[in-house]
Amino acid sequence: MPWDLDNDRPIYLQLMERIQQNIISGVYQPGDKLPSVRDLAVEASVNPNTMQKALSELERFGLVYSQRTSGRFITDDASMIQKMRSELAHAHIRQFFSQMHDLGFSDTDTLELIQDTLKGEDHETDS
């Protein structure tokens, strides 16, 4: 699966976000061993030093940890992962509501549209 990196933002930050996303979404489970730096770099089509920087930062945040001879692993702290998942979900929701405000929808209108969409209806809300 392509990593779709954007040249307008630091690559290592995008790598961190992608790996974090994979952890939060369950692609990597707590305690799982990560592929090697070299393998991840090849998969993402980046320099191994850039991938190393991203993994070192994730390690600094406690999301991954190293075992000297065994490689890097995902934290076993499931509550930390759940907290990050919840924080990311809230950030996406805030961004969505902000974008809906920019389109002229109130929170109530937005919630109605969400409910209609979940029910499979498709109609315009009068604002």
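Just above, that's the structure.
Scope of this entry: the structure provided in the associated data block.

**What to know about the pairing of strand 2 (residues 71-74)**
Two strands pair when backbone bridges link them, and strand 1 (residues 64-67) and strand 2 are joined in this way by 4 bridges, in the antiparallel orientation. Each bridged residue has a counterpart across the sheet, and for Tyr65 the counterpart in strand 2 is Phe73. With antiparallel pairing between neighbouring strands as the criterion, strand 1 and strand 2 make up a hairpin whose turn holds 3 residues.

**Quick word on the packing of helix 1 (residues 11-24) against helix 3 (residues 48-60)**
Helix 3 packs onto helix 1 with a crossing angle of 55 degrees between their chain directions and a minimal axis gap of 8 Å. As the angle between them shows, helix 1 and helix 3 are arranged oblique. As for the relative orientation of helix 1 and helix 3, their crossing is right-handed in sense. Contacts between helix 1 and helix 3 involve Ile11, Tyr12, Leu15, Met16 and Ile19 on the former and, on the latter, Thr50, Met51, Lys53, Ala54, Leu55, Glu57 and Leu58.

**Some details on the side chain of Thr75**
By the secondary structure assignment, Thr75 is in the loop between strand 2 and helix 4 (78-102). Reaching out from Thr75, the side chain makes a polar contact with the backbone nitrogen of Asp77 at a distance of 3.1 Å. Look past the residues within four positions of Thr75 in its chain and what remains in contact with it is Pro30, Gly31, Gly62, Leu63, Val64, Tyr65, Met80 and Ile81.

Scoring rules and cut-offs
- Residues numbered from 1 in each chain as written.
- Predicted model: local features only at pLDDT ≥ 70, side-chain atom pairs only at ≥ 80, totals over all residues.
- Heavy atoms only, no water.
- Pairing = 2+ DSSP bridges.
- Helix = DSSP H or I, 4+ residues; strand = E, 2+ residues; numbered from the N terminus.
- Axes fitted to C-alpha atoms, helices over the stretch in contact; angles between N-to-C directions.
- Parallel < 35°, antiparallel > 145°, perpendicular 65-115°, else oblique.
- Left-handed = near helix turned anticlockwise from the far one by under 90°.
- Contact = heavy atoms within 4.5 Å.
- Polar contact = N/O pair within 3.5 Å; in protein donor to acceptor, adjacent residues only side chain to side chain.

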